[in-house]
Structures are given as structure tokens and as C-alpha cells.
Amino acid sequence: ILPSKMLALTSLSPRPARPSPSPATPPHRRPPPPCGRIRPTSAVSTAASDGGGAADDYHSTIRSLNSHGRRHVPRKSLGQNYMLNARVNEELVAAAGVEEGDVVLEIGPGTGSLTAALLAAGATVVAVEKDKHMATLVRDRFGSTEQLKGH
Ligand SMILES: C[S@@+](CC[C@H](N)C(=O)[O-])C[C@H]1O[C@@H](n2cnc3c(N)ncnc32)[C@H](O)[C@@H]1O
């Protein structure tokens, strides 16, 4: 079943016809395809830029990602994509029924955007982040507070 579905999807998106290679340029001499440099902002979600969220969170997240004199490139292998819309995080926290005094285990806080909403709701957050750069970023973002325990 799966292969035929995949074929059906492929048939909905036909590839544009390739231009035939110039006879003067042998295949092994063709220049590589253009590949633009990945800008850090293009590699993260831009939910806030659609007008649906808090602009401050978007800008502070981008600043955090590029702090410490480095260019953060999200790692696909770690599923690194980040929520930039503070309102969505607030809705997630409300939907989960997180209340003052709750203890929440957050696996993979990333930039700490959901962490911020959890802390604002009065929860104590135990955050476990595998990427040491992201872990540093979260520590820097919130400073030392009894409400956040990072690992
Ligand atoms: C989808 S991103 C985080 C999203 C974040 N909660 C937000 O709202 O922006 C997933 C995070 O989990 C981290 N991560 C991936 N594998 C992990 C693991 N095994 N243990 C802890 N953190 C992990 C990644 O480094 C990344 O920061």
C-alpha cells in the first residue's frame, strides 16, 4: 500500500523537465548546484513572524541563538527546531493544566521558550538538554533561580 501512495504523491508533483546538458560540458565538469549559505534565522521556525505571537520572544530567541560569538546551526539529528511564538507556549502550558508549585520535567528545552512559559506559570522546571550549547543558553537566559534545575 505504501509504495503506491508514495507514487501517487510523486505523480501530483511532477519534476520540471531538466534542460539537456550542453554537449560542450561533460557531466564530470559541470559546476555544482548553487547552495546558499544557511542563515541562522532561516533554520528556525518563524511562527512569530506571521503576526500570531510575541515579537519580543522571537527577537530574544534569535539573539540567544547567535550569542557567545557563534552562529548556531540547528542539528537535525537532535530534532532542533524551536517554538518562537510565546502565545503557543502559553496555550500549551494552560492545556497541560500546569499550576503554581507543579514540578515539570522538560526534556530538550532548546532555547527555553517553553521553559519561560512554565516558569511564568509558577512551576519548578527540571530541564534536561543534550546539546551543551543549548544547555548553556538556557542557563544564561534564566540565570540562577530555584525554580529551574538544569541538566
Ligand atoms: C524540538 S527542540 C526543543 C523545542 C523547545 N522545547 C522549544 O519549544 O523551542 C528539541 C530539543 O531537544 C534536545 N534533545 C534532543 N535529544 C535529546 C535527548 N536525548 N535528551 C535531551 N535533550 C535532547 C535538542 O537538543 C533540542 O534542543
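Residues numbered from 1 in each chain as written. Predicted model: local features only at pLDDT ≥ 70, side-chain atom pairs only at ≥ 80, totals over all residues. Heavy atoms only, no water.

A few words on the site of the ligand. In the neighbourhood of the ligand, 16 residues make up the surrounding shell, with G79, Q80, N81, M83 and E129 lying closest. Within the side chain of Q80, an N or O atom sits 2.9 Å from an oxygen atom of the ligand. Residue E129 places a side-chain N or O atom 2.6 Å away from an oxygen atom belonging to the ligand. Relative to its unbound accessible surface of 600 Å², the ligand loses 75% to contact with the protein. Judged by its atoms lying within 2 Å of the grid points, the ligand is housed in the largest pocket. (Near = heavy atom within 4 Å. Polar contact = N/O pair within 3.5 Å; in protein donor to acceptor, adjacent residues only side chain to side chain. Areas by Shrake-Rupley, 256 points an atom, 1.4 Å probe, with all protein chains shown as cover. 1 Å grid on protein atoms, 1.4 Å probe; cavity = no way out; pocket = protein on both sides within 12 Å on 5 of 7 lines; lining within 4 Å. Sits in = over half its atoms within 2 Å of the grid points.)

Counting residues in hydrophobic clusters, the biggest one holds eleven residues: V93, V98, V104, A117, L118, L119, A123, V125, A127, V138 and L148. Residue contributions to this core peak at three residues, all from helix α4 (residues 113-120). What A117 contacts, discounting residues up to four positions off in sequence, is N89, E90 and V93. (Core = buried A, V, L, I, M, F, W, Y, C linked by side-chain atoms within 4.5 Å. Buried < 20%, exposed > 50% of the residue type's maximum accessible area, 1.4 Å probe, protein only. Helix = DSSP H or I, 4+ residues; strand = E, 2+ residues; numbered from the N terminus. Contact = heavy atoms within 4.5 Å.)

In this section: the UniProt feature "binding site: S-adenosyl-L-methionine" (unreviewed entry) in the chain. Mapped onto the present numbering, the UniProt feature "binding site: S-adenosyl-L-methionine" (unreviewed entry) falls on N81, M83, G108 and E129. Lining residues of the largest cavity drawn from the annotated set just named are E129. Note that N81 resides in the loop between α2 (55-65) and α3 (86-95). Note on placement: M83 falls in the loop between α2 and α3. (UniProt positions renumbered as here; feature names shortened; annotations may be inferred.)

What follows concerns the side chain of E129. The residue E129 is located in the loop between β2 (124-128) and α5 (132-142) in this model. Side-chain polar atoms of E129 contact the backbone nitrogen of G110, separated by 3.1 Å. A distance of 2.9 Å separates a polar atom in the side chain of E129 from the backbone nitrogen of D131.

Attention now moves to the pairing of strand β1 (residues 103-107). Alternating residues of β1 divide into V104 and E106, all buried, and V103, L105 and I107, none buried. In this structure, β1 lies alongside β2, joined through five bridges in parallel fashion. Within β2, the position partnered with E106 by the bridge is A127. (Pairing = 2+ DSSP bridges.)

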